Amino acid sequence: MTRRTIISILAPLLAVILAFLVGAVVIVFLGQNPFYVYRVLFSNSITNIDGWGYVLFNATPFIFSGLAVALAFKGGLFNIGVEGQIYMGAFAAAWIGITVNLHPILEIPLALIFGMLIGGLWGFIPGILKARFGAHEVINTIMLNFIAMALTNYLVNNPFKEQGQINPIPQTKELYSGAIIPRVYPLFNRLGIKMSPSVPLNYTFFLALAFCFLTWYLLERSRWGYEIKAVGLNPKASRYGGIKPEFIIVLTMFLSGALGGLGGINDVMGYRYRFLDGFSHGIGFTGIAVALLGKSNPIGIIFASILFGILDRGALAMDVFTNTPRELIQVIQAIIIIFVAIGNELIFRLLIRLERERE
Amino acid sequence: MIGSIFSLEVLASALRMSVPLAFAALGGVYSERGGVVNIALEGIMLVGAFGAVLGTYFTGNSWIGLLVAMSFGFLIALIHAIVSITFRINQIVSGTALNIMATGLTTFLSRLIFKAAGSSPHIEGMTQWHIPGISGSLSPLMVIMFLCIILSQFIIFRTRYGLRLRACGENPFAADSLGIDVIRMRYSGVLISGALGGLGGAFLSLEHARVFVEGMTTGRGFIALAAMIFGRWTPIGSFGACFLFGLAEALRIRLEGLGIPTQFIQMIPYIITMLVLVGVVGRAIAPAYDGVPFEK
């Protein structure tokens, strides 16, 4: 391993540790014992097989949202609209699941593709507004988050509300069995890994891993990927290279939105088998932290997603067993983003200085 | 029908709805004129809304609530300044992280302090000012807002400080060569935006809702930034744009009850924001070095 690789792994690790130290200070400030709070946070997630099952289940949507943000980053764009793309994509997939009744071999891909298309549409809109009119994608993607939440809230409360039921949270009716992505515990048990049937980890996790590979392939081995990165580095220079930056901007936002559109599949097709109003609770925003921590690298994104999966799982236990509200995790997440960004910048400066000294 | 929509009452309500936006947009003007994009304004408004309730709840004095709101906004802005000016981190990354932090922190503290999920207890709002001879009352914050707008228009375009601030946003290298401390100027712009954004949030909780609700800003920080762009980065222009958004929001409240699903009415300000952003491009020109970190 080169020094560069070692540093690029150590820096995010250091940032995470520092963020937890800041979190510990907050906990002490609240008059509680940080060792106890953190023990509760971690002991429920990573000390047994079932805990890991939950962690990977939680990590699955983060992989998609992280990939979505990372792909846009590579193209020099900020997709802060992943949250909205998740809702739109998840609803589109759920719509297939409650209207079409086919064999899983047909229905699951159909639902996934439709989810990607609608999620992609939600990325395409700010993409075309940027390419055609120069309207900044940051504010537009954020606005589309609010619009997507209001739209799916309307759909799930009115035309698609489950009839004859009173639910605490509005939801659609259950998907046809053809649209259900099965859990993995039978496979694990056959392999000799004892996992309880209550663990919701399902095959969406492997789908997420497959999309990590596809994203890597797109970015590192395809012409589109090359053009996306070229536009991300310098749109003006890329134009001289024969690339149409406008097209690439729209394409990047569409693909990013399509990845975001898969962020709700784990919940809709792999867990609840229906669309629940407001189910995401910030998966899209966690994607920003995941992409930064994973340095927009698909492998890095897997590890970053697992870390946030652990935090998510632990947050639940923290809420129940300690007096620390779970939102502390959100604060730690934000601190991680800032520390990782600062760490990257400082190391970048250090590397430049080292290289200058060598010359 | 149209007459009843454009009544004096609606205009008054539009003016009220424009106050929180105008404070935040004005903050955006200071920050971006100095060259720092501040999308953390959303989070700044949120901590402002929380701080105002916190201060008022514990002291019973809403003016102290305002001070707490301003200092909370100031603190978030200070982090944004340190991260994006001193460490030269991408300003969007820093702002996004701070928005996540503000959401987490206010919810976390609200649940911890008020021992209830969702919202704080209700508080007494600010005492309204009665003007002799005119029926009705005036919100002190609205008066402060107008003073801030007029004062800022003067500060930014007619004072040495304003000229220097604008220089740092237009060409920091030229400003630097003339002996202007670019870093310090940019810090000042961001910190002022924090205090102003905090006031905007305070209006939401102190005057509008009289309670803190988790995530109650619902995108107003971003809408304010769109208004600032629409207002071409000037205080008075930004206020004009904020009044249009306030009008949209006032009409939105009127439209509820006409049988249109509320969710579609809720979308109106967001859709208008997008249309405004598309419509003004080419005519609104940002400070040339807006968003670009400065390195000597």
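Residues numbered from 1 in each chain as written. Chains lettered and ligands numbered in written order. Predicted model: local features only at pLDDT ≥ 70, side-chain atom pairs only at ≥ 80, totals over all residues.

Visitor: Which residues make up the overall build of chain A, and what values do they have?
Guide: Summing up its helical and strand segments, chain A has 15 helices and zero strands in all. Here the C-alpha radius of gyration of chain A, 21 Å, is about what a compact globule of 359 residues would show, namely 21 Å. When the 359 residues of chain A are sorted by exposure, 56% land in the buried category. Pairs at least 24 residues apart make up 76% of the contacts formed inside chain A by residues separated by at least 6 positions. (Helix = DSSP H or I, 4+ residues; strand = E, 2+ residues; numbered from the N terminus. Rg over C-alpha atoms; globule rule 2.2 N^0.38 Å. Buried ≥ 20, exposed ≤ 12 C-beta atoms within 10 Å, placed from the backbone. Contact = placed C-beta atoms within 7 Å.)

Visitor: Provide a residue-level description of helix H11 (residues 245-261) of chain A, including the pertinent values.
Guide: Given 3.6 residues per turn, any residue in an α-helix points the same way as the ones three and four places further on. With 17 residues, H11 of chain A should cover 24 Å at 1.5 Å per step; its first-to-last C-alpha distance of 24 Å lies within 8% of that length. For H11 of chain A, the buried fraction is high: 15 of the 17 residues fall into the buried class. (Expected span 1.5 Å × (residues − 1).)

Visitor: Break down unusual backbone geometry for me, citing the residues and quoting the values.
Guide: Although it is not a glycine, Tyr273 of chain A sits at a positive phi angle of roughly 60°. If you check the backbone angles, Arg232 of chain B has positive phi at about 50° while not being a glycine. Residue classification places Arg232 of chain B among the partly exposed residues on the basis of 17 C-beta atoms within 10 Å.

Visitor: Describe the nonpolar core, and please don't skip the residues or the numbers.
Guide: Membership of the largest hydrophobic core comes to 216 residues, with the highest contact counts inside it found for Ala93, Ile336 and Ile337 of chain A together with Ala227 of chain B. Per-element tally for this core: the top contributor is helix H3 (residues 49-74) of chain A, with 16 residues. With sequence-adjacent residues up to four places away left out, Ile337 of chain A is seen in contact with Ile288, Ala289 and Leu292 of chain A together with Val93 and Ala97 of chain B. (Core = buried A, V, L, I, M, F, W, Y, C linked by C-beta atoms within 7 Å.)

Visitor: So what's going on with the interface of chain B and chain A? Residues and values would help.
Guide: Contacts between the two partners involve 36 residues from chain B, matched on the other side by 35 residues from chain A. Elements with a minimum of two residues in the side of chain B that touches chain A: helix H5 (91-114), helix H10 (220-230) and helix H12 (262-280) of chain B. With 15 residues, H5 of chain B is the largest single contributor of residues to the side of chain B that touches chain A. The class makeup of the residues in the side of chain B that touches chain A is 25 nonpolar, nine polar and two charged. (Nonpolar A, V, L, I, M, F, W, Y, C, P; charged D, E, K, R; others polar.)

Visitor: Quick one: what's the story with the packing of helix H4 (residues 62-86) of chain B against helix H9 (residues 182-209) of chain B, residue by residue and with numbers?
Guide: All names here are of chain B. Look at H4 against H9: their axes get within 7 Å of each other, and the N-to-C directions meet at 140°. With respect to H9, the axis of H4 lies oblique. H4 and H9 meet at a crossing whose hand is right-handed. (Axes fitted to C-alpha atoms, helices over the stretch in contact; angles between N-to-C directions. Parallel < 35°, antiparallel > 145°, perpendicular 65-115°, else oblique. Left-handed = near helix turned anticlockwise from the far one by under 90°.)

Visitor: Can you lay out the environment of Tyr273 of chain A for me, pointing to particular residues and giving the numbers?
Guide: As for its position among the elements, Tyr273 of chain A is in the loop between helix H12 (265-272) and helix H13 (283-293). Excluding residues that lie within four positions of it along the chain, Tyr273 of chain A makes contacts with Glu174, Leu175 and Ile180 of chain A.

Visitor: Help me get a handle on the packing of helix H3 (residues 41-59) of chain B against H9 of chain B, residues and values and all.
Guide: All names here are of chain B. Orientation of H3 relative to H9, taken along the N-to-C sense of each, is 60°, at an axis distance of 6 Å. The orientation of H3 relative to H9 falls into the category oblique. Crossing geometry of H3 relative to H9 is assigned as right-handed. Touching Leu41, Ile44, Met45, Leu46, Val47, Gly48, Ala49, Gly51, Ala52, Val53 and Thr56 of H3 are Ser193, Gly194, Gly197, Gly198, Leu199, Gly200, Gly201, Ala202, Leu204, Ser205 and Leu206, all from H9. Of the residues assigned to the contact of H3 with H9, the class counts are twelve nonpolar, ten polar and no charged.

Visitor: I'd like a rundown of the environment of Met126 of chain B, residues and numbers included.
Guide: Residue and element names in this part refer to chain B. Tracing the backbone shows Met126 in the loop between H5 and strand S1 (129-130). Under the C-beta neighbour-count criterion, Met126 is labelled buried, with 21 such atoms within 10 Å. Each C-alpha atom of the pair Met126 and Val93 lies 36 Å from the other, and the pair is 33 residues apart in sequence. With near-sequence residues (within four places) excluded, Met126 lies in contact with Ser62, Ser139, Pro140, Leu141, Leu206 and Glu207.

Visitor: Could you give an account of helix H5 (residues 104-133) of chain A, with specific residues and numbers?
Guide: All names here are of chain A. A rise of 1.5 Å per residue sets the reference length of H5, with its 30 residues, at 44 Å; its end C-alpha atoms lie 42 Å apart and thus fit the reference within 8%. Maximum bend of H5: about 25°, positioned at Gly123, with proline Pro126 one to four residues after it. Within two residues after H5, Gly134 carries a phi angle of roughly 75°, on the positive side. (Bend = angle between axes of the 7 residues up to and from the residue.)

Visitor: So what about the environment of Leu207 of chain A? Which residues, and what values?
Guide: Along the chain, Leu207 of chain A falls in helix H8 (residues 204-221). The spatial distance from the C-alpha of Leu207 of chain A to the C-alpha of Glu227 of chain A is 26 Å, given a sequence separation of 20 residues.

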